[in-house]
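# A closer look at the structure
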Amino acid sequence: MRKQARGLSGVDFLVIISFVAVLIIVFVSLRAAAAEGYDRYTKIELEHGDTVLEIAEEYREGHEMSDRKFVSWVEEANNIDANWITAGDTLIIPVEANATALGVKDKE
């Protein structure tokens, strides 16, 4: 005898929906926690012609990274590709926010 294929039972459906809801909550929580980790860093608004490499050089006194590490950090923290930034974008850079207040070059 063959068994007929049946659709999901109510319990199976609730288990799947609960699992998806938990995954969504975990994902949102992780994104919020990651964003909070960057609060202490400087945020800058890009101007026409700015590049991440130029920003690394401009803020050299405020960080101790190589240019390559600076660019990688900025790409990861901002979830961007440094080759595809545009004027008006806001970037988090690895310079402590209080460092710019203490005299590290701040963009005007």
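Structure: see above.
The paragraphs below set out a description of the structure included in this document. Computed from a predicted structure; not experimentally measured. (Residues numbered from 1 in each chain as written. Predicted model: local features only at pLDDT ≥ 70, side-chain atom pairs only at ≥ 80, totals over all residues. Heavy atoms only, no water.)

## Description of the overall build of the protein chain
- Assigned secondary structure in the protein chain consists of 4 helices and 2 strands.
- In sequence order, the protein chain lays out its α and β elements as α-β-α-α-β-α.
- The buried share among the 108 residues of the protein chain stands at 26%.
- Considering only contacts within the protein chain whose residues lie at least 6 apart along the sequence, 65% involve residues at least 24 apart.
- Carbon and sulfur atoms provide 56% of the accessible area of the protein chain, an area that totals close to 8,500 Å². (Helix = DSSP H or I, 4+ residues; strand = E, 2+ residues; numbered from the N terminus. Buried < 20%, exposed > 50% of the residue type's maximum accessible area, 1.4 Å probe, protein only. Contact = heavy atoms within 4.5 Å. Areas by Shrake-Rupley, 256 points an atom, 1.4 Å probe, with all protein chains shown as cover.)

## What about the pattern of salt bridges?
- Tallied over the entire structure, the rule returns 2 salt bridges.
- The partner of arginine 40 in a salt bridge is glutamate 96, with the nearest N and O atoms 3.6 Å apart. With arginine 40 in the loop between α1 (10-36) and β1 (41-45) and glutamate 96 in strand β2 (residues 90-96), the pair connects residues that are 56 residues apart, well separated along the chain. (Salt bridge = Lys/Arg side-chain N within 4 Å of Asp/Glu carboxyl O.)

## Considerations on the nonpolar core
- One finds Ile44, Val52, Ile55, Phe70, Val74 and Ile93 to be the most contacted residues of the largest nonpolar core, which totals 18 residues.
- Listed by contribution, the elements that provide at least two residues to this core are β1, α2 (52-58), α3 (67-78) and β2.
- In terms of residue count, the dominant contributor to this core is α3 (5 residues). (Core = buried A, V, L, I, M, F, W, Y, C linked by side-chain atoms within 4.5 Å.)

## Some thoughts on a nonpolar patch on the surface
- A contiguous nonpolar surface patch, about 1,100 Å² in accessible area, is contributed by Leu8, Phe13, Leu14, Ile16, Ile17, Phe19, Val20, Leu23, Ile24, Phe27 and Val28.
- Its place among the elements puts phenylalanine 19 in helix α1. (Patch = residues over 30% accessible without salt bridge, like charges linked within 9 Å, V, L, I, M, F, W, Y side chains within 5 Å.)

These figures capture arrangement, not role.
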